[in-house]
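Each chain is listed here by its residues.
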Amino acid sequence: MYQKILLPVDLNEPASWQKALPTAITLCQTFGASLHLVTVLPEFKMPMVGAYFPKNFSQKAHEAIKEAQHTFIKENVPEDVKVQSVIVDGSPWEAIIKVGKKIDADLIVMASHNKRKFVDYVLGPNAEHVVHHSKISVMIVR
């Protein structure tokens with residue numbers, strides 16, 4: 001039923017994966033699917049933002065996230081699950097949808113948490129945006 005399952009993960013926010021990761025792993029093991037762990041970094045290269053960071057900041061951020069993501073995978077994903085690490089820049093919900101299309105994912109598994117921050121009132125939660133804009137099936141884990 002599923003061959004590629006995409007799981008967005010914010011390594012600094014356990015609520016983004018604590019409930020969704022076990023669900024995604026079970027689905028991968030059940031269907032023999034691969035797990036694609038996605039971490040989205042803010043777009044540091046935009047002129048307005050980039051002026052406040054050193055020239056190689058984006059590269060160093062990607063290297064640090066790549067290392068942290070590999071550690072996360074070793075600690076949290078069983079060896080029998082084929083897993084791929086994906087790191088992208090941009091708006092979280094837009095990047096998740098783009099990665100889903102690019103890898104031809106069958107399912108996006110996301111956590112939904114009720115922590116409301118100011119940005120959530122203005123833009124709405126990322127999970128809600130993904131559900132409304134994705135052409136790929138989305139499973140929200142509460």
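Here, every reference points to the structure presented above.
In every chain, residue numbers begin from 1 and rise along the written sequence. For a predicted model such as this one, the threshold for reporting local features is a pLDDT of at least 70, and the threshold for listing and counting side-chain atom pairs is 80 or more; totals across whole chains, interfaces and linings nevertheless cover every residue. In computing side-chain properties, one takes all heavy atoms of the structure into account and sets aside hydrogens as well as water.

Student: When you look at the overall build of the chain in this model, what are you seeing that I'm missing?
Tutor: Of regular secondary structure, the chain possesses 6 helices and 5 strands. Numbering of helices and strands starts at the N terminus; helices are DSSP runs of H or I of at least 4 residues and strands are runs of E of at least 2. Along its sequence from the N terminus, the chain presents helices and strands in the succession β-α-β-α-α-β-α-β-α-α-β. For the chain, the residues scored as buried account for 38% of the 142 residues in total. Whether two residues are in contact is decided by their heavy atoms: any pair within 4.5 Å suffices. Long-range contacts, defined as pairs at least 24 residues apart, comprise 76% of the intrachain contacts of the chain with a sequence gap of at least 6. Note on areas: Shrake-Rupley with a 1.4 Å probe; residue coverage comes only from the protein chains shown. For the chain, the computed accessible surface area is about 9000 Å², with 54% contributed by carbon and sulfur atoms. Note on exposure labels: buried denotes an accessible area under 20% of the residue type's maximum, exposed denotes more than 50%, and partly exposed covers the range between, all computed with a 1.4 Å probe on protein chains only.

Student: I would appreciate a short explanation of the sheet that holds strand E4 (residues 107-111) in the present structure.
Tutor: Whenever strands of a sheet pair, they do so through backbone hydrogen bonds, lying parallel or antiparallel. Two strands form a pair only when DSSP identifies at least two bridges running between them. Within the open sheet, the 5 strands sit side by side as E3-E2-E1-E4-E5. Their pairing is parallel. Looking at which strands have only one partner, the edges of the open sheet turn out to be strand E3 (83-89) and strand E5 (137-141). Sheet twist, expressed as the mean angle between neighbouring strand axes with direction ignored, is 25°. Two strands pair when backbone bridges link them, and strand E1 (residues 4-8) and strand E2 (residues 34-41) are joined in this way by 5 bridges, in the parallel orientation. Note on E2: the bridge partner recorded for Leu7 is Leu37. Across the face of the sheet, helix H6 (residues 126-133) comes into contact with E4 and E5 while running at roughly 160° to E4. Each axis is a line fitted through C-alpha atoms, taken for helices only over the stretch in contact, and angles between the N-to-C directions span 0 to 180 degrees.

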